[in-house]
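Each chain, written out:
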Amino acid sequence: MDPALLVLQTINGLQLGLLLFLVASGLTLVFGILDFVNLAHGALYMLGAFICASFTIALDNFLLAILIALPLTAFAGFVIERLVARNLYQRDHLDQVLATFGLILVIDTCVHIFWGPAGMAVPLPDWMEGQVRITEDIVLPTYRLLIIFTGLVTAALLYWLVNRTRLGMLIRAGASNRRMVGALGIDIQTLFTFVFALGAMLAGLAGMLISPITEASIGMGNNIIITAFVVIIVGGIGSMKGAFIGAMLIGLIDTLGRSFLDSIFALFMSTAAAETSAPAVSAMLIYIIMAVVLVLRPQGLFPPKVR
Amino acid sequence: MTQGLSRSTVATVILLGLLAVLPAVFMAMDNEYYVGLATRLVILGIAATSLNLILGYGGLISFGHAAFVGIGAYAVGIPVHHSLFGGFQIVASNNGLFHVALAVVISALFALITGAICLRTKGVYFIMITMAFAQMVYYLFISIDTYGADDGLVIYQVSQVPLIDLSEPLHLYYLAFASLVAAILLVRMIVNSRFGMVLQGAKGNPERMVTMGYNVYRYRLVAYVISGAMAGYSGALLANYEGFISPDMMDWAQSGEFMFMVILGGVATTLGPILGSTLFTVLEEGLQIVMDWMEPAVEPAYVALFGRDLEFEVYWHLPFGLILIFAVLFVRGGIMGLIRGGKD
Amino acid sequence: MANILEIDGLMKSFGGIKATDNVNLAVEENELHAIIGPNGAGKTTLIAQLSGQQMPDAGTIRFRGRDITQVPAHARARLGMTRSYQITSLVMGMSVLDNIALAVQAKDAHSFRFIRSARKIASLRDEARRYLAEVGLADRADAPTVNLSHGEHRLMEIAIALASEAPLMLLDEPMAGLGPEESAQMVAFLKGLKGKRTILLIEHDMDAVFALADRISVLVYGHIIATGDPASIRGNDDVRHAYLGEE
């Protein structure tokens, strides 16, 4: 195993993990507080990517585009909450799943109509394009390090928001006891709308950050949402800590599995057999991890205290 | 109640009657396209009927049903592929009975393994986990180059079965139709049996069923396996109808469509799933026709605005999604609820 | 007389609050043993541990001499204990008769029977009707459960307990929410069961408890402070102080 490759792939794994955290944290917040299953969360990730791509091209400034796209995705979340989600909080999960599935179809098609079927490449400013030389052999792309940095800062801000502010206290109280927060005279509807828009913005940010690497494309949200589900199932639904640790775990395992599983398999089977079986196993790896976690801890690694 | 029952009985007779007669009429009129459409409707109806067993009667919100259908389809595609191009001698075969056996056994096995894990969890965990396992199968087949990875695989030969020729549209149709009737009767029998009573009791009040002495987990697991096996069977038919298999058959949007059929048709009703698959097929077809019809009117403006051609074939998802949202928000009890009239 | 149920050193806490604090209790065969205590004393938590829906942190539960502490709830039911719920717990989407028939059917070795229609099996339906008649709900058999009144739901809970034919019945506040007339009816009914089944009765209605119980245990803050016949409980200073005095 090449140590330089190992470092690079670990960085890639961390990067994926942090993006997953941004998506999963919104998902787990919305579920924890609103008891609402939002399949369309991934569509907001895609929407963020497309909005950012358009502004990047129009303004020729990636950072400015992100700053504009963030409130716009939050606004998209706000509209969805007001028009659809709000009417479903009192319904069972089945209705929520079905309606948000409909929402995905609507958003995907709208994106298709406005941006066309092809993906959109997002150009990076020159200073982000470069590479950072750590040692003689280890060279890391600047942009991926920036994603990791942004992800960590966002995670820290989120931690501060949820654990250190009055708003965060309400969010946590709302997650464990909705009626009580309502009884305290706090406008629970506004709190819900805020949380929903916040979740949308976080998902959108993840989409914006990844778009220079993968392009903004239709269906990108549907791919990440299931992985984000795996993350919060492993971490424990409703738990921010679980979402973070679950995301890092899944990000690393998935990335490293895809790169190194064949060499690991080759240790105890023929190279040919390893090369055929490794892709199949690495495709299933995170789901196998999920299954193992569920067998050992059906509520995930960090089940929220009150449910 | 009795009036509602008789109304749904009438609806059953009419719908099954139409399905029994219409395709032959279409064929006589040389309209093969509609025979194909009816075949698809009926096959989807079988899958939806199987989902209704666990979702409708068992209250288990499975969002991974397309995986079983996909496994069933690959259980036809893989043996046919190897029988034509060699390799993997154990499964290489074009024998339809073998295909069906393989489809049923493998999907039942998959249901047993994943169900054993999924059913340990409740509520939203269950929804997400069934979804995740289906996605696992999806990615598994994407990673296998031998079977075309994400491009899928053309099935160059239909399953060979005694007496009938599945490459004949009507033969395939009537096999599918007979299978649908059998599936409906099977689910009806299971639901009314002692097993079915336990399953439905566990939907209404699992804790009470446990304190009565029922091992709810086991009953649900058995239902899950039966449902998975039936869906696998429908997948084998679907592969023969499409003549093509690909991982897209198990995409979670497909699972969502099966849920749409069951829920919009009418959860936990005998006929709901077929009404649902009919509604789905009609919407899919009808909305595309409407879209085609609108195209000339909208296209010039669109081209002027966006500088590219319209791709109307996918836009039917927009009205479809809106209908879905509105139906969830405003229609309770599905089509069967409407037929029965009022609350049920 | 032999003990049908023996509870030894049972402990259960939720986030630092001891809901069950070292409970020791022996219930004799065929006695009607009442557990009383102020709200929040941990009565329902105790029942949940006995029926297996909650697992104790420490201690043992023995049923007919067999340690069942680790036995899951459905298996305990099959060993011969049944419970009713303080908050009515029925299958609302089914008919009254279906609910009771499920309890009758639960006595079969298993219900993995797929062919015959359960509603056409005369033995199941007849037996279920018998239990409905016993609690006076014969004419409501075919009604949807959800249409019945609260009092009738309480009676259904009893019919389910009867249908199980379990020697040990754990009844969690069967009188909860009943009017005076319905309560009197329930008391009379439970009186008729005395000596035929062992009943562990949790109840707030003191008149009912003192009229029915062979023995009474007083649970306060998860701990049993006294056990004895009604007369001795009535005369117990601790009990007066901790519980009866407050009412």
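Residues numbered from 1 in each chain as written. Chains lettered and ligands numbered in written order. Predicted model: local features only at pLDDT ≥ 70, side-chain atom pairs only at ≥ 80, totals over all residues.

**Here we look at the overall build of chain A**
At step 1: In terms of helices and strands, chain A carries twelve helices and two strands.
At step 2: Sequence-ordered secondary structure for chain A, helices as α and strands as β, is α-α-α-α-α-β-β-α-α-α-α-α-α-α.
At step 3: Compactness check: chain A gives a C-alpha radius of gyration of 20 Å against a globular reference of 19 Å for 307 residues, within 12% of the reference.
At step 4: In terms of principal-axis extent, the alpha carbons of chain A reach across some 65 × 50 × 35 Å.
At step 5: By residue count, 50% of the 307 residues in chain A fall in the buried class.
At step 6: Counting only contacts in chain A whose residues sit at least 6 apart along the sequence, the fraction spanning at least 24 positions is 76%. (Helix = DSSP H or I, 4+ residues; strand = E, 2+ residues; numbered from the N terminus. Rg over C-alpha atoms; globule rule 2.2 N^0.38 Å. Buried ≥ 20, exposed ≤ 12 C-beta atoms within 10 Å, placed from the backbone. Contact = placed C-beta atoms within 7 Å.)

**Topic: the nonpolar core**
At step 1: Ranked by size, the top nonpolar core spans 292 residues in total, and within it Val23 and Val230 of chain A, Ala132 of chain B together with Ile100 and Ala159 of chain C carry the most contacts.
At step 2: Apart from residues no more than four positions distant in its own chain, Val23 of chain A is found in contact with His41, Tyr45, Ala203, Ala206, Ile224 and Ala228 of chain A. (Core = buried A, V, L, I, M, F, W, Y, C linked by C-beta atoms within 7 Å.)

**Digging into the arrangement of the chains**
At step 1: Taking contact number as the criterion, the leading pair out of two pairs of chains in contact is chains A and B.
At step 2: At no point do chain A and chain C touch; the closest pair of C-alpha atoms across them sits 9 Å apart.

**Focus: the interface of chain B and chain A**
At step 1: Of the residues lining the interface, 40 residues belong to chain B; the matching set on chain A comes to 37 residues.
At step 2: Among the elements of the structure, α5 (123-143), α10 (252-265), α12 (312-315) and α13 (317-330) of chain B are those that each provide at least two residues to the side of chain B that touches chain A.
At step 3: No other element matches α5 of chain B, which puts 15 residues into the side of chain B that touches chain A.
At step 4: Of the residues that constitute the side of chain B that touches chain A, the class distribution is 30 nonpolar, seven polar and three charged. (Nonpolar A, V, L, I, M, F, W, Y, C, P; charged D, E, K, R; others polar.)

**A short note on the pairing of strand β8 (residues 198-202) of chain C**
Residue and element names in this part refer to chain C.
At step 1: β8 sits mainly inside the fold: five of its five residues count as buried.
At step 2: Direction of pairing for strand β3 (residues 32-36) relative to β8: parallel, over a ladder of four bridges. Directly across from His33, in β8, lies its bridge partner Leu200.
At step 3: Of the strand pairs in this sheet, strand β7 (residues 168-172) and β8 are connected by five bridges, and their pairing is parallel. In the sheet register, Leu170 faces β8, and the bridge partner there is Leu200.
At step 4: Crossover β7 to β8 through helix α6 (residues 180-193) is right-handed. (Pairing = 2+ DSSP bridges. Right-handed = clockwise from strand over helix to strand, strands pointing away.)

**What about the environment of Leu41 of chain B?**
All names here are of chain B.
At step 1: Summarising the element assignment, Leu41 is placed in helix α2 (residues 32-57).
At step 2: For Leu41, a count of 25 C-beta atoms within 10 Å puts it in the buried group.
At step 3: When the C-alpha atoms of Leu41 and Ile144 are compared, they prove to be 30 Å apart, with 103 residues separating the residues in sequence.
At step 4: Contacts of Leu41, omitting those with residues within four sequence positions, involve Ser277, Thr278 and Thr281.

**Digging into helix α1 (residues 43-51) of chain C**
Residues and elements named next belong to chain C.
At step 1: With eight of nine residues buried, α1 lies mostly within the body of the structure.
At step 2: Listing the buried residues of α1 in full gives Lys43, Thr45, Leu46, Ile47, Ala48, Gln49, Leu50 and Ser51.
At step 3: Where α1 terminates, the next one or two residues include Gly52, which has phi positive at roughly 95°.

**Comments concerning the confidence of the model for chain B**
At step 1: When pLDDT is averaged along chain B, the result is 90, and 97% of the positions lie at 70 or above.
At step 2: Considering each helix and strand of chain B separately, the mean pLDDT is smallest for helix α14 (residues 334-340) of chain B, with a value of 71, and largest for helix α9 (residues 216-242) of chain B, with 97. (pLDDT = per-residue confidence, 0-100.)

**Let's talk about the interface of chain C and chain B**
At step 1: At the interface, 28 residues of chain C touch 21 residues of chain B.
At step 2: At the level of secondary structure, the elements contributing two or more residues to the side of chain C that touches chain B comprise α2 (73-79) and α3 (96-105) of chain C.

**Observations concerning the sheet that holds β3 of chain C**
All names here are of chain C.
At step 1: If you trace the six strands from one edge of the open sheet to the other, you get β6-β7-β8-β3-β9-β10, paired in mixed fashion. If you trace the sheet from one side to the other, it starts and ends with β6 (81-83) and β10 (223-228), each paired once. The average undirected angle you get between the axes of adjacent strands in this sheet is 15°.
At step 2: For β6 and β7, the ladder comprises three bridges, and the chain directions are parallel. Residue pairing across strands places Thr82 opposite Met169, the latter belonging to β7.
At step 3: Against the sheet, α1 touches β3, β6, β7, β8 and β9 (215-220), its axis set at about 150° to β7. (Axes fitted to C-alpha atoms, helices over the stretch in contact; angles between N-to-C directions.)

**Notes on the sheet that holds strand β4 (residues 58-63) of chain C**
Residue and element names in this part refer to chain C.
At step 1: The sheet built from four strands is open, its strands ordered β2-β1-β4-β5 with antiparallel pairing. Whereas interior strands pair on both sides, the edge strands pair on one side only; in this sheet they are β2 (17-28) and β5 (66-67).
At step 2: Taken together, the nine bridges between strand β1 (residues 3-14) and β2 define a ladder with antiparallel strand orientation. In the sheet register, Glu6 faces β2, and the bridge partner there is Ala26.

**Side note on the packing of helix α1 (residues 3-34) of chain A against helix α6 (residues 142-164) of chain A**
All names here are of chain A.
At step 1: The contact between α1 and α6 brings their axes to 9 Å, and the two run at 35°. For the pair α1 and α6, the sense of crossing is left-handed. Listed contacts from α6 to Ile11, Asn12, Leu14, Gln15, Leu18, Leu19, Phe21, Leu22 and Ser25 of α1 are Arg144, Ile147, Ile148, Gly151, Leu152, Thr154, Ala155 and Leu158.
At step 2: In terms of residue class, the contact of α1 with α6 is made up of eleven nonpolar, five polar and one charged. (Left-handed = near helix turned anticlockwise from the far one by under 90°.)

**Description of the pairing of β3 of chain C**
All names here are of chain C.
At step 1: Taken across its five residues, β3 has five buried, putting it largely inside the fold.
At step 2: Alternating positions in β3 separate into two faces, Leu32, Ala34 and Ile36 on one and His33 and Ile35 on the other, with burial throughout.
At step 3: Pairing analysis gives four bridges linking β3 to β9, with the strands arranged parallel. When the bridges of β9 are listed, Ile36 appears paired with Val218.

**Brief notes about the environment of Asn3 of chain C**
Residues and elements named next belong to chain C.
At step 1: Mapped onto the fold, Asn3 is located in strand β1.
At step 2: Residue classification places Asn3 among the partly exposed residues on the basis of 17 C-beta atoms within 10 Å.
At step 3: In this structure, the C-alpha to C-alpha distance between Asn3 and Asp172, residues 169 residues apart in sequence, is 20 Å.
At step 4: Leave out the neighbours within four places in its chain, and Asn3 touches Ala26, Val27 and Glu28.

**Quick look at the packing of helix α3 (residues 62-83) of chain A against helix α9 (residues 188-214) of chain A**
Residues and elements named next belong to chain A.
At step 1: Axis separation between α3 and α9 bottoms out at 7 Å; the angle between their running directions is 135°. As far as their axial angle goes, α9 and α3 are oblique. Relative to α9, α3 is oriented so that their crossing is right-handed. Within the contact between the two elements, α3 uses Ile66, Ala69, Leu70, Thr73, Ala74, Ala76, Gly77, Phe78 and Glu81 and α9 uses Thr193, Phe196, Ala197, Gly199, Ala200, Met201, Gly204, Leu205 and Met208.
At step 2: Considering only residue class, the contact of α3 with α9 consists of twelve nonpolar, five polar and one charged. (Parallel < 35°, antiparallel > 145°, perpendicular 65-115°, else oblique.)

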